[in-house]
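This is what each chain is made of:
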Amino acid sequence: MKTIAAFLFTLSATFLAGSIVDAAPAAVPSLGSAADVASDGRLNQNATSNAAFTVASGGLPVILTAPHGGSAAVPGVPERKGDGVTRFNSRADTNTDVLTEKLADALDQKLGKRPYVVVARFHRKYIDANRRPADAFESAEAKATYDAYHAAIASACKEVTARWGRGVVLDIHGQAAQPGVALRGTQNGKTVTHLLKQSGHEAVYGETSLFGQLAKQGFAVFPAVGSSDPESPNYSGGHTVGIHGSSSGGTIDAIQLELGTQYRDSETIGDMADKLASAITAFAKSYLPAAEQKLAAGDATNRTGKIAIGVYFDKGAGPSVKALLRTLGKFEEVSVTKLTADQIRSGGLTGLDILMHPGGSGGDQGRNLDEPGREKIRNFVREGGGFVGICAGAYLASAHYPWSLNILDAKVLDTQHWNRGTGTVDIELTSKGRETLRTTNQKLPIHYAQGPLLAPANRPEIEDYEEMATFKTEIAKNGAPKGVMIGTTAIARGRFGQGRVVCFSPHPEMTAGLEAFLQDSIDYVNRKRTSQ
Ligand SMILES: [Zn+2]
């Protein structure tokens, strides 16, 4: 099914391609139909129309957004009337689109890498991308463009989180009330909750904060550097920093910049972009990660370029975890860390590429993780981490039990006879299974020890899994009815957010000759990275 996750993945793939999604239309009177941007946040490339907004990938944990600089009409979208909208405003923030692009170029010159950029081309009189939906648009066509604009920002945030662990959204605006002043908007600290927690008061209010650095570049700033005065009520941060910043969790902080007219003058805009870039560069050196997580200094795993794998080693892990660790020990390009539930809950997944859950008891593993631990794993996978579950680990990954992770859209059949016995069974590989597990064998014997009989759960919020293998023979001891196991899913692969999941009901790590299936699964779920 086409889910939000699939949608975001599409956008992410666009970012990873490292291309500018659509060129900025210079002085274009009208945009392509809104329907063209609804599906994946960009226009059909073969359309003669122009993008409603520009999206570009980056190599820095900085996302520049500009919702109010556009000047184009959106076909089929009338001008907003603003009935019932408080503080209705349909005027553009002149030159903020141009300034944002020049700023991206200037950052590239100073840091050798570009920020992520999402710039609206539509005029504010059609859509106000910095308001909540009820106040932002007045037609279905406009809603499609509005939604796609914010989905593009959300996708950039997810990618920055996956690559650097944290980052910042800078939402660029203009105001005319105080022509010589730049105002900070963080909803009085709410949208930079994570930055305050991570780096303290100085990072938001002090001389080395973004606005402190702007002051050093000659900008008059409000509130004053070093003061904790409330932000100006009209410019304290709108919808964009509110939903994409860290107000309600996460590690992306968001700051609105309201630049006075004087800082957006066409004559001096190049100079202003350069000064802004100098301030952002200085701020980034103090407060943003310099390198992508995989290359983080001090992390032995990352220095060696090995795939960092965590293996759950706590209550509910059975004796087969030893076979798993022994098998992983034979692979040269992986490094293995054993993790307890407590470590998973307290940030132990940071810096890992893959988490593996071994055989044992799925219920014991899931309950021992508890909801906070399970949510850590979900977020890890959602943000691009890989997951491999074997037997109990597959029960855990399913969408079946109160203690499940719900990262594989699978239910478990005949749970009543879970203790159906242990032995060797035959599995039949699908074409996807043969592709992922790099084998031409259609049918294989494999060790089975009461793993789940998986079937599609058809949960709307999780992407459907792809079957890699089915059971061709069965074990039906201890009162289990015959015929139920045959044909059920033995091995599955799926996507959850930006991450990938592989689940084995049987045990490749305990089957002589099939250990390579683990290496193939590792390669399949491994975190995808760009090398910028
Ligand atoms: Zn604005």
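Everything that follows concerns the structure shown earlier in this document.
Residues numbered from 1 in each chain as written. Predicted model: local features only at pLDDT ≥ 70, side-chain atom pairs only at ≥ 80, totals over all residues. Heavy atoms only, no water.

Engineer: Sorry if this is basic, but what is going on with the coordination of the zinc ion here?
Structural biologist: Reference values for coordination geometry: four tetrahedral donors around a metal ideally subtend 109.5 degrees, six octahedral donors ideally subtend 90 or 180 degrees. Only His68 (ND1), Asp93 (OD) and His173 (ND1) from the protein coordinate the zinc ion, and they sit 2.0 to 2.1 Å from it. Positions of the donor residues of the zinc ion along the chain correspond to the pattern H-x24-D-x79-H. Linking Asp93 in the loop between strand S2 (62–66) and helix H3 (96–111) with His173 in strand S4 (residues 167–175), this pair joins segments that are 80 residues apart in sequence. Of the two residues, Asp93 and His173, neither departs from the other in class, the shared state being buried. (Donors = N, O, S within 2.8 Å, 3.2 Å for Na, K, Ca; no water. Helix = DSSP H or I, 4+ residues; strand = E, 2+ residues; numbered from the N terminus. Buried < 20%, exposed > 50% of the residue type's maximum accessible area, 1.4 Å probe, protein only.)

Engineer: So what exactly am I meant to see when it comes to the pattern of salt bridges here?
Structural biologist: It is possible for side chains of opposite charge to pair when their charged atoms get near one another. Counting across every chain of the model gives 29 salt bridges. Across the pair Arg114 and Asp108 runs a salt bridge, and its minimum N-O distance is 3.2 Å. Asp108 sits in the partly exposed class, given a relative accessible area of 26%. The salt bridge partner of Asp342 is Arg345, with a shortest N-O separation of 3.5 Å. With a gap of three residues between them, Asp342 and Arg345 both fall in helix H13 (residues 341–345), about one helical turn apart. Classification of Asp342 by relative accessible area gives partly exposed; the value is 49%. On the basis of relative accessibility, which here comes to 28%, the residue Arg345 falls in the partly exposed class. Among the charged side chains, a network of salt bridges with common partners joins Glu371, Arg374, Glu375, Arg378 and Arg382. (Salt bridge = Lys/Arg side-chain N within 4 Å of Asp/Glu carboxyl O.)

Engineer: Would you take a moment to explain the pairing of strand S5 (residues 181–185) for this structure?
Structural biologist: Two faces belong to every sheet, and in a regular strand the side chains alternate between them. Of all five residues making up S5, five are buried, and the element is well covered by its neighbours. Because side chains alternate across S5, one face comprises the buried residues Val181, Leu183 and Gly185, and the other comprises Ala182 and Arg184, equally buried. As judged from the three bridges shared by S5 and strand S6 (residues 220–222), these two strands associate in the parallel manner. Each bridged residue has a counterpart across the sheet, and for Val181 the counterpart in S6 is Ala220. As defined by bridge partners, S5 adjoins strand S7 (residues 252–260) across four bridges and the pair is classed as antiparallel. Bridge assignment links Leu183 to a residue of S7, and that residue is Glu258. (Pairing = 2+ DSSP bridges.)

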